[in-house]
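# Observations on the three-dimensional arrangement
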Amino acid sequence: MSINLGFMCSGRGSNLRAILEAIAEGRLDAHPAIVISNDPMAKALSVAKESGVRAVCIPSTGLSRGDHEQKVLEVLETEALDFLVLAGYMRILSETFLREFKDPRGFYRIVNIHPSLLPAFPGKSAYEEAFNYGVKVSGITIHLVDEKIDHGFILAQEAFPRYDDDTLATFKARGLAVEHKLFPEVLQILAQGQLSFLTRELVQP
Ligand code: GAR
């Protein structure tokens, strides 16, 4: 089964690129319908365009969260997305926005990647905080989004080591390689419709 994916990105777009490569190489059975960024300078927009994916910038500067989200929803309205993928989207989504992606099975069809082993180190600076804390092991989490920040049903986690001679840069690079491998793999599980584990965990009997 092919799934229709929309993406929201705020920056560099390396996860977006990894996912688009997986689609192009047939490792992920999905259609990339649209990429939305809140930042006109986000490299993710050019990553999308290079792959022929519809790229839309909806700047968030100067808008209330509600007004910005309303504009995003107006653009997404016509796309019939199976899942909205947050690939480095650095803004919090309101409950009003989440409700537009409510699945009858009891979860929101929004997937996020976070560069720590949640619930450790939520927020915008997870690599820095984990590194400065002195962890020996960190990891990547891919989860469904819920009303709380960097929270929700965990779809997958993969750990990676922090070595004694790591710098923040080498630590981040090791994590990013895991991100780029894990994100397409998890989306492929969703594409295969292997959602029984979700419904078991999330839907009240
Ligand atoms: C990634 O490291 C992602 O895990 C992180 O932002 C980066 C985006 O990079 N996301 C968060 O911290 C979310 N709380 P990218 O634009 O190159 O994919």
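A separate point is unusual backbone geometry. Most peptide bonds take the trans form, and the phi angle of most residues other than glycine is negative. With an omega of 15 degrees, the peptide bond between Leu-118 and Pro-119 qualifies as cis. Residue position: Pro-119 is located in the loop between strand E5 (110-114) and helix H5 (126-133). The residue Phe-121 is not glycine, and still its phi comes out positive at about 55 degrees. Here Phe-121 is to be found in the loop between E5 and H5. According to the relative accessible area criterion, Phe-121 is buried, its value standing at 18%. The phi torsion at Asp-150 lies on the positive side, around 50 degrees, for a residue other than glycine. By the element assignment, Asp-150 lies in the loop between strand E6 (137-144) and strand E7 (154-161).

Turning to the site of the ligand, a few remarks are in order. As a matter of local geometry, the ligand sits amid 13 residues, with Arg-12, Gly-13, Ser-14, Asn-15 and Glu-179 nearest to it. Take Ser-14: an N or O atom from its side chain is 2.5 Å from an oxygen atom of the ligand. Measuring from an oxygen atom of the ligand, one finds a side-chain N or O atom of Glu-179 at 2.8 Å. Coverage of the ligand by the protein amounts to 91% of the 450 Å² it exposes when considered alone. Because more than half of its atoms lie within 2 Å of the grid, the ligand is assigned to the largest pocket. Mapped onto the shell around the ligand, the elements with two or more residues apiece are helix H1 (14-24) and E5.

What counts as what
- Residues numbered from 1 in each chain as written.
- Predicted model: local features only at pLDDT ≥ 70, side-chain atom pairs only at ≥ 80, totals over all residues.
- Heavy atoms only, no water.
- Helix = DSSP H or I, 4+ residues; strand = E, 2+ residues; numbered from the N terminus.
- Buried < 20%, exposed > 50% of the residue type's maximum accessible area, 1.4 Å probe, protein only.
- Near = heavy atom within 4 Å.
- Polar contact = N/O pair within 3.5 Å; in protein donor to acceptor, adjacent residues only side chain to side chain.
- Areas by Shrake-Rupley, 256 points an atom, 1.4 Å probe, with all protein chains shown as cover.
- 1 Å grid on protein atoms, 1.4 Å probe; cavity = no way out; pocket = protein on both sides within 12 Å on 5 of 7 lines; lining within 4 Å.
- Sits in = over half its atoms within 2 Å of the grid points.

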